[in-house]
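Residue-level structural notes
Residue strings, one per chain:
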Amino acid sequence: MNQELAGSITELVVGVALAYSLLLSIGLTGYIGYKPRRASFKANNYELVIVSKANEKVQRSLIESIKYHVSRFGHVTLVVDEGAPLLNTLRYFKGVKLIVVPSNYRRDLMGKGRALNYFVEHFVSPDKWYVFIDDDNLILDDSFLYEIPYYEANGFVAGNGILLPRPGKSKMAYAMDWIRYIDDLTLYRFFTGLLGKPLIGLHGELLIVKGAVLKEIGFNNRSLTEDFRFAIELVKRKYKTWQSNTRISIKSPNSIRDLMIQRGRWFKGLISDIKYSPTPMKLIVGFRSFAWVLNSIISIMFFPVLIYLGLVWYILPGSLYYFASYTYGVIRSKEPYLFFLIPIFGFIEASSRIYGLIEVSDFIVIDKN
């Protein structure tokens, strides 16, 4: 190997290693240093909102979510498109305020963003709080209701919950999904919580927003990832956010194919929207997005080269984070054999990003039954 090429590889590996070390430090700081605050009383000026494509792919999960939340909170607002396959079935649920988005409304928008924007334009009150969840979500506790009064009094306008996966049909996808939980306890906790700035985005699951801010920002941009685009607008306007202590159960993909489609859409949407974000957000999100692919490729494809150059220790910061996250997922899956497949997990995640850039061009609903 010539000296110039070896020097270039060394610089790349060392740069990625230093940046990952910084991210690990940030994540550890978030985990240790942040704890949500709460008032002594619950908020009552809130509305729980499910936005769904309401088709056969989500039928069981949607009905489960509706019944669960009506039983627990007494009411839920459901927003669906005109002509949705399950529309007639959904009209008869008790405790459900059904909102139907007209078929001719804003055809320039896509996916959930279109339905969300219709809801914001026609049904949102500035003085209320709106709690958005997906059609496979189950809110596991009511901490967010005690947090809203505290953070409202202190000028915060949005919050986000902590994602807790529950099994779908694929044990491998379930084990891989736990990285979202680890991310929430570390990186999201630091940015959304400790800093009060969602510099790596927000989840659409348990997205808590003040009505006045919803009316101001809306979801009127065409986006594959409307939650990320909304986070960009919050950062640009210097609004403050918090991370809720509330855990929200999310359904893991039923297959590796669905996981790749899901991750691919997120990545394509993020890359498409990042150009609208402030510079600090571009740097943080850009590095986090591409360094994962770089770290996987370097670890898997160039491992012998790293040994030859004496650089193998430099891939540890990035590899350690993902290895620990996936190991935790394997433990939660109770399938020890998956431990031996962890190197493949990284390859799948990296491949899904490439798949998203090439194949994904529209909002895709994966099977959640």
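So, here is what we can say about the structure in this document.

As for the packing of aromatic side chains
Tallied over the entire structure, the rule returns 20 aromatic pairs. One aromatic cluster in this structure is built from Y105, Y118, F119, F123, Y130 and F132. Its guanidinium or amino end placed over the ring of Y146, R38 lies 4.3 Å from that ring's centre, counting from NZ or CZ.

Overview of the nonpolar core
Among the nonpolar cores identified, the biggest contains 62 residues, and L214 and F345 are the most heavily contacted of them. Counting 38 residues, the second-largest nonpolar core is a separate cluster that includes L78, L90, I148 and I250.

Focus: helix α8 (residues 226-236)
Within α8, 10 of the 11 residues are buried, which leaves the element mostly enclosed by the surrounding structure. Considered for burial, the residues of α8 that qualify are E226, D227, F228, R229, F230, A231, I232, E233, L234 and V235. Of the residues flanking the end of α8, it is K238, one or two places downstream, whose phi is positive at about 60°.

Focus: the pattern of salt bridges
A complete count under the given rule lists 21 salt bridges for this structure. Between K236 and E233 there is a salt bridge, and its shortest N-O distance comes to 3.7 Å. One end of the pair, K236, and the other, E233, are both in helix α8, three residues apart, so they sit about a helical turn from each other. Among the residues examined, E233 registers a relative accessible area of 10% and is labelled buried. Ionic pairing is found between E349 and R263, a salt bridge with its closest N-O pair at 3.5 Å. Here E349 is found in helix α13 (residues 342-359), whereas its partner R263 is found in helix α9 (residues 256-273), with 86 residues between them in sequence. The exposure class assigned to E349 is buried, which follows from its relative accessible area of 3%. What emerges from the salt-bridge pattern is a single network uniting E216, R229, E233, K236, R237 and D273.

Thresholds applied
Residues numbered from 1 in each chain as written. Predicted model: local features only at pLDDT ≥ 70, side-chain atom pairs only at ≥ 80, totals over all residues. Heavy atoms only, no water. Phe/Tyr/Trp six-rings, centres within 6.5 Å; stacked < 30°, edge-to-face > 60°. Lys NZ or Arg CZ within 6 Å of the ring centre and 35° of its normal. Core = buried A, V, L, I, M, F, W, Y, C linked by side-chain atoms within 4.5 Å. Buried < 20%, exposed > 50% of the residue type's maximum accessible area, 1.4 Å probe, protein only. Helix = DSSP H or I, 4+ residues; strand = E, 2+ residues; numbered from the N terminus. Salt bridge = Lys/Arg side-chain N within 4 Å of Asp/Glu carboxyl O.

In short, shape yes, function no, at least from these values alone.
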